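Single-letter residue listing:
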Amino acid sequence: MLDHLFYTLQLADNALILGHRLGEWCGHGPVLEQDIALTNISLDHIGQARSLYQHAAHLTNEIPQEQRAKIFQSVTLNNKINSGELLQEDDLPYLRDAWDFRNALLTEQPNGDWAYTVARSFFYDVFYFLYYTKLKDSKDAQLAAIAEKSLKEVAYHQRWSSEWMIRLGDGTEESKTRIQNAVNDYWQYSGELFVMSDAENAMLKKGIGVDAAALKPEWDAKVEAIFKEATLSIPEEKWMQKGGKQCRHSEHLGFILAELQYMQRAYPGMEW
Amino acid sequence: MSNAITTEKVYDWLQGVTDPEVPVLTVLDMGIIRDVQLDTDEKGSVTATVVITPTYSGCPAMDVIGMNIRMALLSRGITKVNIEQQLSPAWTTDWMSEEGKQKLKEYGIAPPERKSDDALDMFEDDSVACPRCGSEDTELVSRFGPTACKSLYRCLSCKEPFEHFKCH
């Protein structure tokens, strides 16, 4: 049960944190159309996160009360659990602290310039297109339904980020330098997507989860094809950062949560 | 009075519930109503369960649509309304009614024409006829528009900008 919850949270946290990062571009895009594009994509991610958090809240509430109080290391969330109240979808994103978040490090990396934002999304979109294609056959009917729905949106995101990789790489000298720098810097965060967490291994055995490690060859092939068209080189660095899926994050996540959670922490239970 | 409530009537009343972002389209035109169930208890109170499928995961209109359905049915004498969301099968513009597409066009939004499983290649865009002058000579301005479901086009004949309801 706990693995099932952690697995769902891992998916939800990835979608929320990347969605939040992309939302930070709102009002800052280089041209109006791309500003709108990023916020549209952000909205898709946050919408997917919402469905996943609803499911995660439901999974948490199914766990007996005495065990439920020991799942998380977040004081505010535990206070709510100890009060005997059932969790709602919003409690999980707003009341958990950074050490209870399970998103991959890639998603929390800063927006940087346009090239960094594009490279980060490209790595993620290619991965999640493959991932949701498999997850839609999950034995968990709710996860399967969320994957089926999300897949249509991710297909669109993947097209958008792939085109931008090509446009920047095969563009001007300046744009090529910038996208290659972004790729070189964020490459080290791409590997974690394929490193199976305990929750992922447990869910794979039950036919609920996806074998992320097995997606690597397809991901490599897709990335290689786009890089070729974009006249970009694949970084030679093989060493990869990891930890996010084990709740060990870079310093960036704390800042993201400070902004994201501020209202609910300052005014608990506040509604618009 | 409550005996008179039938699912046919509920569908009739749903014709009056429109998308807040695209007010010419009813929820039935959009194809988001999956099921309507009525349940009458021994006191004669009617509970309606309406199953809707969201368009885009993050579409903020879905909450408003749910509320509008609730209000439309409660005002007709139904005692309790449950709105259930069904994610699978995923919503597609293929479910939009022909009447809905016609209404969109008259409203100035180019309707979705391509079948959703017929995917576009990279850098390929839908060629869309201008809903105002009918010209095929149009160009895409932005694949993302003011709402998740629309993209922005410009007509090169009549020079008017217009929105296209994306094939999804």
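Just so we're clear, the structure is a prediction, and the values are computed from it rather than from any experiment.

Asker: Give a detailed account of the interface of chain A and chain B, specifying residues and quantitative values.
Answerer: In this assembly, 27 residues from chain A lie in contact with 29 residues from chain B. In terms of surface lost to chain B, no three residues of chain A exceed A:Lys149, A:Tyr156 and A:Arg159, which account for 29% of the buried area on that side. Seen at the junction of chain A and chain B, the total is three salt bridges. Across the salt bridge formed by B:Asp63 and A:Arg50, the nearest N and O atoms sit 3.4 Å from each other. Where the side of chain A that touches chain B is concerned, the elements lending two or more residues are helix H2 (32–61), helix H8 (141–169) and helix H11 (216–229) of chain A. Broken down by element, the residue count for the side of chain A that touches chain B peaks at 14 residues, all from H8(A). Classifying every residue of the side of chain A that touches chain B by side-chain character gives 10 nonpolar, six polar and 11 charged.

Asker: Lay out the pairing of strand E6 (residues 150–155) of chain B in plain terms, naming residues and giving numbers.
Answerer: All names here are of chain B. Examined bridge by bridge, strand E5 (residues 138–142) and E6 share four bridges and lie antiparallel to one another. Considered in E6, the bridge of leucine 140 is made with tyrosine 153. Pairing of E6 with strand E7 (residues 161–165), which is carried by five bridges, proceeds in the antiparallel orientation. Paired with leucine 152 across the bridge in E7 is glutamate 163. Between E6 and E7, which pair antiparallel in sequence order, lie five residues; one of them, lysine 159, sits at a positive phi of approximately 70°.

Asker: Lay out the domain arrangement of chain B in plain terms, naming residues and giving numbers.
Answerer: Residues and elements named next belong to chain B. What the domain assignment lists for chain B is domain 1 (2–85) and domain 2 (97–165). When each unit is reduced to the centre of its C-alpha atoms, the spacing between domain 1 and domain 2 is 29 Å. Taking both partners together, domain 1 and domain 2 bury about 880 Å²; carbon and sulfur atoms supply 67% of that area. Contact with domain 2 buries surface across domain 1, with Val24, Asp29 and Tyr56 losing the most and accounting together for 50% of the total. Our enumeration of links across domain 1 and domain 2 arrives at one salt bridge. Between lysine 103 and aspartate 29 there is a salt bridge whose closest N-O contact spans 2.5 Å. The tally of links between domain 1 and domain 2 comes to two residue pairs in polar contact (both at pLDDT 80 or more). Of the residues belonging to the side of domain 1 that touches domain 2, the class tally is five nonpolar, one polar and two charged.

Asker: Would you mind going over the sheet that holds E7(B) in detail, with residue names and values included?
Answerer: The strands that make up a sheet pair up through hydrogen bonds in the backbone, lying either parallel or antiparallel. With mixed pairing, four strands are arranged side by side in an open sheet as E4-E7-E6-E5 (chain B). Unpaired on one side and paired on the other, strand E4 (109–110) and E5 of chain B mark the two borders of the sheet.

Asker: Please give an account of unusual backbone geometry that cites residues and values.
Answerer: As a rule of thumb, non-glycine residues mostly have phi less than zero, and peptide bonds are mostly trans rather than cis. Residue and element names in this part refer to chain B. The linkage connecting serine 88 with the following residue, proline 89, adopts the cis geometry, with an omega of 0°. Mapped onto the elements of the fold, proline 89 is located in the loop between strand E3 (80–85) and helix H4 (98–107). Of note in this structure, phenylalanine 123 is not a glycine but carries a positive phi near 65°. Following the sequence through the fold, phenylalanine 123 ends up in the loop between E4 and E5. A positive phi angle, close to 70°, is found at lysine 159, a residue other than glycine. Tracing the sequence through the fold places lysine 159 in the loop between E6 and E7.

Cut-off values and rules
- Residues numbered from 1 in each chain as written.
- Chains lettered and ligands numbered in written order.
- Predicted model: local features only at pLDDT ≥ 70, side-chain atom pairs only at ≥ 80, totals over all residues.
- Heavy atoms only, no water.
- Contact = heavy atoms within 4.5 Å.
- Buried area = accessible area lost by both parts, 1.4 Å probe.
- Salt bridge = Lys/Arg side-chain N within 4 Å of Asp/Glu carboxyl O.
- Helix = DSSP H or I, 4+ residues; strand = E, 2+ residues; numbered from the N terminus.
- Nonpolar A, V, L, I, M, F, W, Y, C, P; charged D, E, K, R; others polar.
- Pairing = 2+ DSSP bridges.
- Domains from an automatic or database assignment.
- Polar contact = N/O pair within 3.5 Å; in protein donor to acceptor, adjacent residues only side chain to side chain.

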